[in-house]
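# Commentary on secondary and tertiary structure
One-letter residues, chain by chain:
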Amino acid sequence: MEQVHSGVEFTALDWVWTILFVLLMIVCGVIFYRLGKRSESDFFLAGRGLPWWLPATSVYATHTATDTPMWIGGAIYHWGVRGIWFPFFAAWTAVSAFVSTRIFRRSLAMSQAEWQSLRYSGLGAELLRGWLAGWQTFMNMFVIAWVSAAMGKICVYLFDWPNWVGVILFTSVCAVYVLVAGYWGVIMADFQQGIISFIVITLVSVWGVVAAGGPSGIVEKLETLGQSWRMNPFHFDGFWGLDTNCFYTLDFLTLLIMATVGGLGMGNFIDWYPEAQRIQSARSVRDASYAIWAGGFLSLLRNSVWAVAILGFFVLYPNIQSEAEYEMGWFRLGFEHLPAGMVGVFFAGIIAIHLSTVSTHLNLGALYATRDLYHHYVNPEASQAKLVRVGRWNTVFLLAGAFLLGLTMQSITSWLIFALWLQAAGIWIPSILQVVWWRFNSWAYLSSWIANLLMSWLVVWVLPELGLFPELPNWVNFWLLAFLVSLVYVPVTFLTKSDDLDHLVRYYVMSRPLGFWGPIRQEAERRGLIAAQEGGTN
Amino acid sequence: MNLFRKNWTPSEADEWTVHDLVASILGVLAFFLGTIGVIGAFLFQLWGFVCLVVAGALTILMYRVIDPKLRAMSEAFEEKQQEYLDDLERTVRWESRDGH
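The sections below set out a description of the structure shown in this document. (Residues numbered from 1 in each chain as written. Chains lettered and ligands numbered in written order. Predicted model: local features only at pLDDT ≥ 70, side-chain atom pairs only at ≥ 80, totals over all residues. Heavy atoms only, no water.)

### Notes on the packing of aromatic side chains
Aromatic rings in a pair are described by how distant their centres are and how their planes are angled relative to each other. Overall, the coordinates contain 60 aromatic pairs over all chains when judged by the stated rule. Here tryptophan 330 of chain A and phenylalanine 331 of chain A contribute two aromatic rings whose centre-to-centre distance is 5.4 Å and whose plane-to-plane angle is 70°, an arrangement assigned as edge-to-face. Accessibility assignment for this pair places tryptophan 330 of chain A and phenylalanine 331 of chain A in one class, buried. Consider the rings of phenylalanine 440 of chain A and tyrosine 489 of chain A, whose centres lie 6.0 Å apart with planes at 80°: the pair is edge-to-face. Placement of phenylalanine 440 of chain A in the loop between helix H20 (425-436) and helix H21 (442-466) and of tyrosine 489 of chain A in helix H22 (residues 474-495) is noted, with a sequence separation of 49 residues between them. Residue classification places phenylalanine 440 of chain A among the buried positions, given a relative accessible area of 0%. Taking the relative accessible area as the measure of exposure, tyrosine 489 of chain A reaches 4% and is therefore buried. One aromatic cluster is present, formed by Trp79, Trp85, Phe86, Phe88, Phe234, Phe236, Phe247 and Phe252 of chain A together with Phe32 of chain B through successive ring pairs. Just above the ring of tyrosine 317 of chain A sits the side chain of arginine 332 of chain A; from NZ or CZ to the centre is 4.3 Å. Geometry around phenylalanine 4 of chain B places arginine 64 of chain B over its ring, the cationic atom sitting 4.8 Å from the centre. (Phe/Tyr/Trp six-rings, centres within 6.5 Å; stacked < 30°, edge-to-face > 60°. Buried < 20%, exposed > 50% of the residue type's maximum accessible area, 1.4 Å probe, protein only. Helix = DSSP H or I, 4+ residues; strand = E, 2+ residues; numbered from the N terminus. Lys NZ or Arg CZ within 6 Å of the ring centre and 35° of its normal.)

This is the structure we're talking about:
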């Protein structure tokens, strides 16, 4: 891996800030020890009793990771501010808040895997639950690995430590309060980490903008460099095309459709899974809706602050070709331009950013391993104390696996663009169909998952690498994968039976899903389980 | 149809209505304008500040449209939540999937 070293000197004051912040973060989590150990529901959902602003801060804090400024910074440096549309998929939360969040919260499922067994019935539902639980246990391990890899990269840049030290050290610190207090520790630490990180991100970005000559200085310098197009979020290279080095209007429209229509579904994006945990931890449907909406909004505003800072970085260092170097742009602004004594605050902010993401994924991965694998399949009679104990062991297991993975990862940006949306392209439509169409069954959803995993690797990486298939722009890859995978799940839907009627009616009455549920609704009305419809649009 | 309707019965709030659609659209617009508004405002461009003000206004509008409905739905659902949770534990148990 190409590494850059800063030569930044930490003063005694910087270390004092860093140590104080780390202690504060650990204490904030650990003091909720007694609440976390009460039950499985407390260890993984904080007893389902949180006001909206706590899960909202957690949504924001979780999705502010050490790798986030790298890949958003990388996209903005490469594409100009039109690169802001890559992370705009987070806008799915604006629609989800009033659609899928509401449906999921009403299901009361502890996890997305559990929701599968409420929505579907029979063997297919069990296979799907097992598959999603295993997949999510691995994915959370993978996420911890890649953010830990990013932390390793930062520590190499800052201190020239061996990579493994940065990968392991701060993630291990975080594991202390996750092990002790579970989700209570996660959510309370996220609250103060979210505030710290928002302040630090704004402070460092403003500082960077000032260092680049202020707003007017950036505008003038970009014009002088002949790069003023970089300030235009709607600067596209034509309506459509196949050049992977261009950003087309169709790229933008694809991202916009993904972001908006995607809010109807569950599981379209990997972000859904941590959000699902936050939705169920909210004390009411209303709190869940506002938590998801506000958390998503904060995340998008943060991206924009970073985007301007990276414009400033571009003005200061306009000719960097190496992705590994320019994706460190925001960090360089902080470490190279903040005054002595403030560098420690910045580093403490980075630790807050790192811990808030790692803590969520440690607890979330342990939730799937404990609730959906151990409790569901291995020991359904387990006591609450036993489940909390198993939850802690699963946290340790995830930590160890993440370290092994994290030490082998290379580039952050390309991994993330692949993982965040291409990998989900084929299941994007099925994830919506499972919410809005009663006839879509477990076998169809399971087949879409398997087909997507195979096809996304083949179409995006393997075949182009072998020269058997052209390298295509992102928007073509997305729609191509969506189409190819539909060739599998559409026939499967119609060739297999619908789910059990009693099961569907029970799910409908409790969750009241949106869309094409007419026959199930009629059956629920016939059984007297819900009132006959008068003015609704269901 | 009153977009700013304040009184909902629980069963009315359970139905999908135009209020959900309007809230979703207003929410997306607020996100969109907020995203580009912050960029413009940080660069001291007038359009940035205008976008931020409109995003704020849309957020307030969205709240006024959807909050009474969410409140009515939440209160009714939360009253039955414990019963639902007990039922959930029975429904998702591995051994009892076929009713055995």
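Okay, back to it.
### Quick notes on the interface of chain B and chain A
In this assembly, 46 residues from chain B lie in contact with 69 residues from chain A. Taken over both partners, the interface formed by chain B and chain A buries close to 5100 Å², and the fraction arising from carbon and sulfur atoms is 69%. It is Trp16, Phe31 and Phe42 of chain B that lose the most area in chain B upon contact with chain A, and together they represent 19% of the buried surface on that side. Salt-bridge contacts for aspartate 14 of chain B lead to arginine 106 of chain A; the nearest nitrogen and oxygen are separated by 2.7 Å. For the side of chain B that touches chain A, the elements supplying multiple residues, two or more each, are helix H1 (10-14), helix H2 (18-42) and helix H3 (46-91) of chain B. The dominant element in the side of chain B that touches chain A, judged by the number of residues it contributes, is H3 of chain B, at 19 residues. Residue composition of the side of chain B that touches chain A, by class: 24 nonpolar, 10 polar and 12 charged. (Contact = heavy atoms within 4.5 Å. Buried area = accessible area lost by both parts, 1.4 Å probe. Salt bridge = Lys/Arg side-chain N within 4 Å of Asp/Glu carboxyl O. Nonpolar A, V, L, I, M, F, W, Y, C, P; charged D, E, K, R; others polar.)

### With respect to the packing of helix H9 (residues 122-159) of chain A against helix H16 (residues 329-337) of chain A
All names here are of chain A. Contact geometry of H9 with H16 gives a least axis separation of 12 Å together with a crossing angle of 30°. Classified by the angle their axes make, H9 and H16 are roughly parallel. Our pair here, H9 against H16, has a crossing hand that is right-handed. Listed contacts from H16 to Ile154, Tyr157 and Leu158 of H9 are Phe331, Arg332, Phe335 and Glu336. Of the residues that constitute the contact of H9 with H16, the class distribution is 5 nonpolar, no polar and 2 charged. (Axes fitted to C-alpha atoms, helices over the stretch in contact; angles between N-to-C directions. Parallel < 35°, antiparallel > 145°, perpendicular 65-115°, else oblique. Left-handed = near helix turned anticlockwise from the far one by under 90°.)

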